[in-house]
Amino acid sequence: MGAGGRMSVTPTTKKSETNIQQRAPHLKPPFTLGEVKKAVPPHCFQRSVIHSFSYLIWDLIIASIFYYVATNYFHQLPASLSYLAWPIYWACQGCVMTGVWVIAHECGHHAFSDYQWLDDTVGLIFHSFLLVPYFSWKYSHRRHHSNTGSLDRDEVFVPKQKGNIRWYSKYLSNNPVGRLITVTITLTLGWPLYLALNVSGRHYESFACHFDPHGPIFSSRERLQIYISDFALFLTTCGLYRYAAANSIAALFCVYGGPLLVVNGFLVLITFLQHTHPALPHYDSSEWDWFRGALATVDRDYGILNKVFHNITDTHVAHHLFSTMPHYNAMEATKAIKPILGEYYQFDGTPVYKALWREAKECIYVEQDEPSKSDGVFWYKNFT
């Protein structure tokens, strides 16, 4: 549902099911970032206002059509069919709006256009519409990209070491019911809990919240823009309140709340699976460097949703290496860098639902293979 009919990246070599969890290399790679960049055609780094807007406008057209059909025709359906139609609308609209979310995320990386003011304007509008504090998340997400794979400074889905795991984690992860509860809570509440309470985020000495301009996440020069993000969310909330007052809370949930839950769920799912895998290393401060951290991520295959999500799912390695590259060039860039990266490039084509269940079971905490050697490299493990 993105403009232009782009194809998803098809890996030239896929790991078989038997070696899909084979550990990624963790030593310093035999190539440099400059050598990887030289392999990418120069035009892949060029940002086009027209091209970028074409994807955004296309998504908005599709979302508007879904909204029009739902609000004008669903009430004419028999009650039994309407109970089926609304969840279908939530799923479809949620997927499309996840694509809009990805484009606004791209604005935060200055990958939408050559004009920072335009990127921030577009990002602020559409992230605020999806109840995301644009500037707050822009800055914390930027630090995530600057510290990926670091146990000390990464910002999101930072794995815990075994000694910091809660006593009940063993019982939740080692049985299907507990695992289902964990996955359900993560997909439904994980995003708002991260924004409001920094759940799964980096450890700070004081309370961290994306809505607090004076919190430890932000520097003093960033505070004004955090206020702007909060005010934009206030305006969005006022608009949603007026819609509910004019119609009903149920109507608001049907046209907006349901799709938003899908967006939030996919956001958490995508991010979790990009950075959580038994094959991926993590590093403490004695071993971490930016390049190896950026390579400690994995591309996934979401089928047709790769295009709907503007390929943030299957070109994420390239995105971490070159975050200002527009999404519509990331597929070509991924194909170009894979021969250079070799076994440092990680792809897992496991169906997403299977991968989620597996990672929820296998990736509980991180630990060194031989702590006595203090090599600073940590791997995911479970309690079995």
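Anything mentioned here points back to the structure above.
Residues numbered from 1 in each chain as written. Predicted model: local features only at pLDDT ≥ 70, side-chain atom pairs only at ≥ 80, totals over all residues. Heavy atoms only, no water.

**Topic: the overall build of the chain**
For the chain, the count of helices and strands is 14 helices and five strands. For the chain, whose C-alpha radius of gyration is 21 Å, the value lies close to the compact-globule estimate of 21 Å for 384 residues. Projected onto the principal axes, the alpha-carbon positions of the chain cover approximately 65 × 50 × 45 Å. Burial status across the chain gives 53% buried among its 384 residues. Look at the contacts in the chain between residues 6 or more apart in sequence, and 72% of them connect residues 24 or more apart. With an accessible surface of roughly 18000 Å², the chain has 64% of that area assigned to carbon and sulfur atoms. Put simply, the chain has 31 plus and 29 minus side-chain charges, and the middle of one group is 2 Å from the middle of the other. (Helix = DSSP H or I, 4+ residues; strand = E, 2+ residues; numbered from the N terminus. Rg over C-alpha atoms; globule rule 2.2 N^0.38 Å. Buried < 20%, exposed > 50% of the residue type's maximum accessible area, 1.4 Å probe, protein only. Contact = heavy atoms within 4.5 Å. Areas by Shrake-Rupley, 256 points an atom, 1.4 Å probe, with all protein chains shown as cover. Lys, Arg positive; Asp, Glu negative; His and termini not counted. Charge placed at Lys NZ, Arg CZ, Asp CG, Glu CD.)

**Let's talk about the side chain of Asn382**
Within the secondary structure layout, Asn382 lies in the segment after strand 5 (377-381). Polar side-chain contacts of Asn382 include one of 2.8 Å to the side chain of Glu362. Residues in contact with Asn382, not counting those within four places in the same chain, are Lys361, Glu362, Ile364 and Tyr365. (Polar contact = N/O pair within 3.5 Å; in protein donor to acceptor, adjacent residues only side chain to side chain.)

**What to know about helix 2 (residues 49-73)**
Compared with an ideal rise of 1.5 Å per residue, which puts 25 residues at 36 Å, helix 2 spans 36 Å between its outermost C-alpha atoms and is within 8% of the ideal. Next to the buried residues of helix 2 lie helix 3 (79-108) and helix 4 (116-129). (Expected span 1.5 Å × (residues − 1).)

**Considerations on the pattern of salt bridges**
One pass over the structure, following the stated rule, counts 13 salt bridges. The salt bridge involving Asp120 is made with Lys138; its shortest N-O contact spans 3.0 Å. One end of the pair, Asp120, is in helix 4; the other, Lys138, is in helix 5 (residues 134-146), with 18 residues separating them in the sequence. With respect to burial, Asp120 and Lys138 carry one shared label: buried. A salt bridge links Glu359 to Arg358; the shortest N-O distance between them is 2.7 Å. Judged by its relative accessible area of 0%, Glu359 is buried. (Salt bridge = Lys/Arg side-chain N within 4 Å of Asp/Glu carboxyl O.)

**Some points on unusual backbone geometry**
Phi angles above zero are rare outside glycine, and Ser200 is one such case at about 75°. One can find Ser200 in the loop between helix 7 (176-197) and helix 8 (223-246). Positive phi, normally seen in glycine, also occurs at Asn311, with a value near 60°. Locating Asn311 in the fold gives a position in the loop between helix 11 (305-308) and helix 12 (316-321). Since its relative accessible area comes to 0%, Asn311 is described here as buried.

**Quick notes on the pairing of strand 5**
Along strand 5, four of the five residues are buried, which leaves the element largely enclosed by surrounding structure. Both strand 1 (residues 281-283) and strand 5 contribute to a ladder of three bridges, which runs antiparallel. Across the sheet, Pro281 pairs through a bridge with Trp379, a residue of strand 5. As defined by bridge partners, strand 4 (residues 365-367) adjoins strand 5 across three bridges and the pair is classed as antiparallel. Counted as the bridge partner of Val366 is Tyr380 from strand 5. (Pairing = 2+ DSSP bridges.)

**What about the packing of aromatic side chains?**
Under the counting rule described, the total for this entry stands at 22 aromatic pairs. A centroid spacing of 5.6 Å and a plane angle of 80° characterise the contact between Phe129 and Tyr256, whose relative ring orientation is edge-to-face. Placement of Phe129 in helix 4 and of Tyr256 in helix 9 (residues 249-275) is noted, with a sequence separation of 127 residues between them. Phe129 sits in the partly exposed class, given a relative accessible area of 41%. Members of the aromatic cluster, connected to one another through ring pairs, are Phe31, Trp290, Phe291 and Tyr344. The cationic tip of Lys37 hangs over the ring face of Phe45; the distance from NZ or CZ to the ring centre is 5.3 Å. (Phe/Tyr/Trp six-rings, centres within 6.5 Å; stacked < 30°, edge-to-face > 60°. Lys NZ or Arg CZ within 6 Å of the ring centre and 35° of its normal.)

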